[in-house]
Amino acid sequence: MEQVLYHPEHGYYSSGKCVIGRKGDYFTNVSVGPLFGRLMLAQFAEIWEELGRINDFVIVEQGAHDGQFARDVLQCAQECRPEFFEAARYRIIEPFPVWRECQSRRLEAFRHKVEWRNSLEPFVGVHFSNELLDAMPVRLISAGVEKLVDFQSDKFLFLERPVSISAFNQAALDCVDNVAANLRRGYMITIDYGNSAAEFHGIVQVRAGHRHLDSPFEQIGYADITMQVDWTSIARRAEANGLRIAGFTDQHHFLTGIVSELGKGGSPEPCTRDRSRALLPDSQKSKRALQTLLHPEMLGRAFQVLSLARNVDCAAQPLSGFKFAREPRAALRL
Ligand SMILES: C[S@@+](CC[C@H](N)C(=O)[O-])C[C@H]1O[C@@H](n2cnc3c(N)ncnc32)[C@H](O)[C@@H]1O
């Protein structure tokens, strides 16, 4: 999985072959349209208020792909939350030059707001990722047996061997360690498809051209390979690193919570006559996008949202996204 996705020359992601959206291999929240970024902007701005409207608030995005989410957030911030826009910086963690170039073209209008790094640095603000953890390489371990890839007679195939280690998702756990080591004050919000430990199946998905392929050995380097996220192990690792679990729910409840708070307090009206200040534009396109993001049979239930926090009082009042959520540790079976 690591070679197929991240080999410097041939990797599906690292070489720039990945295309997301209608003309690509699969859809994400971001490819549904700018609405997702606008709703996340409302949540980021609320966090900024909670941290006392600080001047050096950093939005850190990891897995920014072509920069579309960053542009949606920054455009909406500039139009709807100018004070937040002034105070915030946008930091993209991008290890791959091909995506850095693409992002910098797409974010040309915001070049004074955006900075790029190869790896995380200490920050105060919010770390955001959408479908980052599911793209982290995994080991296929089940009931003490690991599947390994071999190459015989011009073909890839699986071999099995007994194994005593059980951390199949080390890269995702390392990612949590890394955020925990750099988050000084604020939140991590990560969205992905997965399950809590009790319902976790550890199935690898292979997708190309909006089709599910039967084997990871098909269309190598041209197909996406992901594994659902084991949320319980991620949350447990975060707690071991001193982070608090600030919320866990499905995307339906998360976005509904955010929408329900639009127009209250400091946030602008969801639909105002002045369209440039409308966080939730009153158009057919935007209504369709909202339905796609929220509907339980579309993206609403397939995706979950985990938020982790440091040095904030997340118990006193949950973020809007978690106002309709169950108690997170129980939901995560911790
Ligand atoms: C499934 S795509 C999601 C892209 C985008 N967030 C979206 O929702 O449309 C996963 C992305 O994570 C990136 N990625 C993987 N490992 C990364 C890492 N260690 N740091 C930053 N990005 C990484 C990949 O290059 C890819 O762009």
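This is a predicted model, so every value here is computed, not measured.

K.L.:
Would you mind going over the overall build of the chain with me for this structure?
P.N.:
Secondary structure assignment for the chain yields eleven helices and 14 strands. In terms of overall dimensions, the chain has C-alpha extents of about 65 × 40 × 40 Å along its principal axes. Split into buried and exposed, the 334 residues of the chain put 51% on the buried side. Contacts in the chain between residues far apart in sequence, at least 24 positions, make up 76% of those at least 6 positions apart. In the structure as shown, the chain presents an accessible area of about 15600 Å², 50% of it carried by carbon and sulfur atoms. Across the chain, the centroid of the 39 positively charged side chains sits 4 Å from that of the 41 negatively charged ones.

K.L.:
I'm lost on the packing of helix H2 (residues 35-50) against helix H9 (residues 284-294) in this one. Help?
P.N.:
Geometrically, a packed helix pair is captured by the angle between its two axes and the distance between the axes. Closest axis-to-axis distance for the H2/H9 pair is 9 Å, and the angle between their directions is 75 degrees. By the angle between their directions, the pair H2 and H9 is classed as roughly perpendicular. Facing Leu35, Phe36 and Leu39 of H2, the residues of H9 in contact are Ser286, Ala289, Leu290 and Leu293. Residue composition of the contact of H2 with H9, by class: six nonpolar, one polar and no charged.

K.L.:
Is there a simple way to explain the sheet that holds strand S5 (residues 140-142) in this structure?
P.N.:
Note on sheets: strands pair through backbone hydrogen bonds, and any given pair is parallel or antiparallel. Strands sit in the order S5-S6-S7 across an open sheet of three strands; the sheet is antiparallel. Among the strands making up the open sheet, the edge pair consists of S5 and strand S7 (155-162). Averaged over all pairs of adjacent strands, the angle between their axes in this sheet comes to 35 degrees, without regard to strand direction.

K.L.:
Explain the environment of His210 to me, please; I cannot follow it from the model alone.
P.N.:
With respect to the helices, strands and loops of the structure, His210 is situated in the loop between strand S9 (204-208) and strand S10 (211-212). A relative accessible area of 34% means that His210 is categorised as partly exposed. For the pair His210 and Thr190, spaced 20 residues apart in sequence, the C-alpha separation works out to 24 Å. Sequence-distant contacts of His210, defined by excluding residues within four places in its chain, comprise Gly21, Arg22, Gly24, Asp25, Tyr26 and Phe27.

K.L.:
Looking at this structure, I do not really get the site of the ligand. What am I missing?
P.N.:
Around the ligand sit 17 residues, and of these Tyr6, Tyr13, Thr28, Gly63 and Asn130 come closest. With respect to the ligand, the side chain of Thr28 contributes an N or O atom lying 2.8 Å from an oxygen atom. Contact between the ligand and Asn130: an oxygen atom at 2.7 Å from a side-chain N or O atom of the residue. Relative to its free-state accessible area of 590 Å², the ligand is covered by the protein chains to the extent of 92%. Residues belonging to the shell around the ligand are distributed by class as follows: eleven nonpolar, five polar and one charged.

K.L.:
Hey, could you run me through the sheet that holds strand S11 (residues 224-227) in this one?
P.N.:
In spatial order, the strands read S10-S9-S11; together these three strands make up an open sheet with antiparallel pairing. The open sheet is flanked by S10 and S11, the only strands paired with a single partner. As paired strands, S9 and S11 are joined by four bridges and run antiparallel to one another. Residue pairing in the sheet places Val206 in a bridge with Ile225 of S11.

K.L.:
Help me understand the pattern of salt bridges, please; the structure alone is not making it clear to me.
P.N.:
Where charged atoms from two side chains of opposite charge approach closely, those side chains can pair. According to the stated counting rule, one finds 17 salt bridges in the structure shown. Residue Asp177 pairs with Arg237 through a salt bridge whose shortest N-O separation is 2.8 Å. One end of the pair, Asp177, is in helix H6 (residues 170-182); the other, Arg237, is in helix H7 (residues 231-240), and 60 residues separate them in sequence. Given the relative accessible area of 25%, Arg237 is considered partly exposed. One salt-bridge network, in which partners are shared between bridges, spans Arg89, Arg91, Glu115, Arg117 and Glu121.

K.L.:
Teacher, can you tell me more about a nonpolar patch on the surface here?
P.N.:
Nonpolar side chains collect at one region of the surface, where Val149, Phe151, Phe156, Phe158 and Ile220 lie side by side and expose about 440 Å² of accessible area between them. When contributions to the nonpolar patch are tallied by element, the ones reaching two or more residues are strand S6 (145-152) and S7. The residue Val149 is located in strand S6 in this model.

K.L.:
Before we go on, may I ask you to explain unusual backbone geometry in this structure?
P.N.:
Note: most peptide bonds trans; most residues except glycine with negative phi. The backbone of Ser153 shows a phi angle near 45 degrees, a positive value even though the residue is not glycine. Assignment of secondary structure puts Ser153 in the loop between S6 and S7. By relative accessible area, which is 75% here, Ser153 ends up exposed.

K.L.:
It is not clear to me how the nonpolar core should be interpreted in this structure. Could you clarify?
P.N.:
Note that soluble globular proteins tend to have their nonpolar side chains buried in a common cluster. Ranked by internal contacts, the top residues of the largest apolar core, which has 58 residues, are Phe57 and Phe84. Among the elements that make up this core, the one with the highest residue count is H2 (ten residues). Other than its neighbours up to four places away in sequence, Phe84 contacts Leu41, Phe44, Ala45, Trp48, Phe57, Ile59 and Ala77. The next biggest cluster of nonpolar side chains, apart from the first, holds 28 residues, and it includes Ile93, Val176, Leu243 and Ile245.

Basis of the calculations
Residues numbered from 1 in each chain as written. Predicted model: local features only at pLDDT ≥ 70, side-chain atom pairs only at ≥ 80, totals over all residues. Heavy atoms only, no water. Helix = DSSP H or I, 4+ residues; strand = E, 2+ residues; numbered from the N terminus. Buried < 20%, exposed > 50% of the residue type's maximum accessible area, 1.4 Å probe, protein only. Contact = heavy atoms within 4.5 Å. Areas by Shrake-Rupley, 256 points an atom, 1.4 Å probe, with all protein chains shown as cover. Lys, Arg positive; Asp, Glu negative; His and termini not counted. Charge placed at Lys NZ, Arg CZ, Asp CG, Glu CD. Axes fitted to C-alpha atoms, helices over the stretch in contact; angles between N-to-C directions. Parallel < 35°, antiparallel > 145°, perpendicular 65-115°, else oblique. Nonpolar A, V, L, I, M, F, W, Y, C, P; charged D, E, K, R; others polar. Pairing = 2+ DSSP bridges. Near = heavy atom within 4 Å. Polar contact = N/O pair within 3.5 Å; in protein donor to acceptor, adjacent residues only side chain to side chain. Salt bridge = Lys/Arg side-chain N within 4 Å of Asp/Glu carboxyl O. Patch = residues over 30% accessible without salt bridge, like charges linked within 9 Å, V, L, I, M, F, W, Y side chains within 5 Å. Core = buried A, V, L, I, M, F, W, Y, C linked by side-chain atoms within 4.5 Å.

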